[in-house]
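Analysis of the macromolecular model
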Amino acid sequence: MSRRNGKRSISRLSFAELGIDKSRYLQLRAGCVAGKYGSETLSAACRGLEIAEPWIIMSVTQNKSYDAMMVKWELGEIKRAPIGRSDFYGFRRRFYYNLDRLLKNT
């Protein structure tokens, strides 16, 4: 668990700690896979996560795990992710949090 000044960093917070319940997460995930949200919306949800934006967007739109994307990297199909597995999933949770907030504000 990542800590800064005795507090958990935002990238490692759980969905519950971010205020997203399981049904809302599943709804957001299904919308991403179905192409319900445009590229501008997906990019906006990556605000603050730009270092991993291409991998996050690939993961949420193609329902790819970190490990599946690493296989693509090993095959030379994509560049290697600039972050490790744990940070990747933390960033992806943050993406869904950002997406949820964007959609609630529109």
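Summarised in this report is the structure supplied together with it. Given the structure is predicted, the values throughout are model-derived calculations rather than measurements. (Residues numbered from 1 in each chain as written. Predicted model: local features only at pLDDT ≥ 70, side-chain atom pairs only at ≥ 80, totals over all residues. Heavy atoms only, no water.)

**Quick notes on the pattern of salt bridges**
For the structure on display, the rule yields 4 salt bridges. Of the charged contacts, one joins R85 and D67 as a salt bridge, the two residues approaching to 2.3 Å between their closest N and O atoms. With R85 in helix α5 (residues 85–104) and D67 in helix α4 (residues 66–74), the pair connects residues that are 18 residues apart, well separated along the chain. By relative accessible area, which is 41% here, R85 ends up partly exposed. Accessibility expressed as a relative area gives 38% for D67, which makes it partly exposed. Across the pair K72 and E77 runs a salt bridge, and its minimum N-O distance is 2.9 Å. Here the residues in one salt-bridge network are R24, D100 and K104, joined through shared partners. (Salt bridge = Lys/Arg side-chain N within 4 Å of Asp/Glu carboxyl O. Helix = DSSP H or I, 4+ residues; strand = E, 2+ residues; numbered from the N terminus. Buried < 20%, exposed > 50% of the residue type's maximum accessible area, 1.4 Å probe, protein only.)

**Some remarks on the packing of aromatic side chains**
By the definition in use, this model includes 6 aromatic pairs. Taking the centre distance of 5.2 Å and the plane angle of 90° together, the rings of Y25 and Y96 count as edge-to-face. Taken as a pair, Y25 in helix α1 (residues 22–33) and Y96 in helix α5 lie far apart in primary sequence, 71 residues in all. The residues Y25 and Y96 share a single accessibility class, namely buried. Taken together, a centroid distance of 5.4 Å and an interplanar angle of 75° make the contact between F95 and Y96 edge-to-face. With relative accessibility at 0%, the residue F95 sits in the buried group. (Phe/Tyr/Trp six-rings, centres within 6.5 Å; stacked < 30°, edge-to-face > 60°.)

**Section: the nonpolar core**
C32, I56, F88, F95, Y96 and L99 are the most contacted members of the largest nonpolar core, which has 29 residues in total. Of all elements in the fold, only α1, α2 (39–45), α3 (53–62), α4 and α5 reach the threshold of two or more residues within this core. When residues no more than four places from it in sequence are discounted, the contact partners of I56 are C46, L49, F88, F91 and F95. (Core = buried A, V, L, I, M, F, W, Y, C linked by side-chain atoms within 4.5 Å. Contact = heavy atoms within 4.5 Å.)

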